[in-house]
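Architecture and fold: a report
What follows is the residue order along each chain.
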Amino acid sequence: MNSLDVRGLSCPAPVVSVKRALEAGTGELRVLLDDGAPRENVRRFAEGRGYSVQEEAVAGGFALTLTGAGTEAGTPALSVQQPASSRGAVMLIGSDRLGDGPEDLGRLLMRNFIITLLDLNELPDRMLFLNTGVLLTSEGSEVLEALEALGNRGVEVLSCGVCLDYFKKKELLAAGAVTNMFTIAESMLQARSVVRL
Amino acid sequence: MVRDGDYVAIFNSVHRVMEAERLLKEKRLEVRLIPAPRALAADCGLAIRYSESARSEVEGTLAQAGLMPRVLYRKNGDDFQKIEGEL
């Protein structure tokens, strides 16, 4: 059984690491993590994807064993266990506004859109923020709380490093991680579908 | 996005809710413009969320500016309890 140690990482990094490990086809995964939010978020995420979760208190935290529904422990067949619909969609957010028109309306609609995603069952795999889109992931944004909640449900939030640099927000990234054009281009080409906002 | 005990003020026009947000933010009050929770099915679809601690100042500011919400709810557990307003 593969294992993963995410102790000491703050949310949503534990969920993102677990998601990657599960998607890499690990049959059964043992995750060492901190009690509190990481433990709750990873449990909720794994159960939401149909895994059974066994918990065990260990020194310095908790160990969660994630086993795919209907698989025997150790059988590396999880790629077919995961709901296909929740994988492979990439959302490209190239602006802090949604639609053409008055700027304040566009900003309001974009905030509204991102917060509304929290009510949906099917979420994108990744959200890529480009150009003024990075204003949504950096300090002062109104959607940081929503992006953190999305991260805890396994959505990878990635912001373009060049764009953060341009807006002098490099040190002010407050949701998700920084990425580069290579990853952005690769994610888009490998995605099952790309939703461009 | 709405925690237990939070207030959700629903407005009847997008212009009013944007004006209310601008005014409250100007006063540095802890408010957030959010999509109206689906359970409340408002026509306009927008609401302002605030906590108990900000309540009196938020509502005082809105009343003074003539920007009272159409209806006000408070989140209690899984439900929204109507505090004020029509319907």
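Residues numbered from 1 in each chain as written. Chains lettered and ligands numbered in written order. Predicted model: local features only at pLDDT ≥ 70, side-chain atom pairs only at ≥ 80, totals over all residues.

**A short note on the overall build of chain B**
- Counting its secondary structure elements, chain B contains two helices and five strands.
- Sequence-ordered secondary structure for chain B, helices as α and strands as β, is β-α-β-β-α-β-β.
- In terms of overall dimensions, chain B has C-alpha extents of about 30 × 25 × 20 Å along its principal axes.
- Considering chain B as a whole, with its 87 residues, one finds that 30% of them fall into the buried category.
- Here the analysis covers contacts within chain B between residues at least 6 apart in sequence; of these, 62% occur between residues at least 24 apart. (Helix = DSSP H or I, 4+ residues; strand = E, 2+ residues; numbered from the N terminus. Buried ≥ 20, exposed ≤ 12 C-beta atoms within 10 Å, placed from the backbone. Contact = placed C-beta atoms within 7 Å.)

**Details of the domain arrangement of chain A**
Residue and element names in this part refer to chain A.
- Split by domain assignment, chain A resolves into domain 1 (2-82) and domain 2 (85-196).
- Taking only C-alpha atoms, the centre of domain 1 and the centre of domain 2 are 25 Å apart.
- Across the contact, eight residues belong to domain 1 and seven residues belong to domain 2.
- Elements with a minimum of two residues in the side of domain 1 that touches domain 2: α1 (13-23) and α2 (37-48).
- Per-element accounting of the side of domain 1 that touches domain 2 gives the leading share, three residues, to α1.
- Tallied by class, residues from the side of domain 1 that touches domain 2 come to five nonpolar, two polar and one charged. (Domains from an automatic or database assignment. Nonpolar A, V, L, I, M, F, W, Y, C, P; charged D, E, K, R; others polar.)

**A look at the sheet that holds strand β8 (residues 177-179) of chain A**
All names here are of chain A.
- Strand order in the open sheet formed by five strands is β8-β7-β6-β5-β9, with parallel pairing between adjacent strands. Either end of the sheet is taken by a strand with one partner, and the two such strands are β8 and β9 (193-196). Sheet twist, expressed as the mean angle between neighbouring strand axes with direction ignored, is 30 degrees.
- Both strand β5 (residues 89-93) and strand β6 (residues 126-129) contribute to a ladder of four bridges, which runs parallel. Within β6, the residue paired with Ile 93 across the bridge is Phe 129. (Pairing = 2+ DSSP bridges. Axes fitted to C-alpha atoms, helices over the stretch in contact; angles between N-to-C directions.)

**Observations concerning the interface of chain A and chain B**
- Facing the 11 residues of chain A at the interface are seven residues of chain B.
- Taken together, the elements giving at least two residues each to the side of chain A that touches chain B come down to α3 (103-117) and α4 (144-152) of chain A.
- Here the side of chain A that touches chain B gets six residues from one element, more than from any other, and that element is α3 of chain A.
- Its residues assigned to classes, the side of chain A that touches chain B comprises four nonpolar, two polar and five charged.

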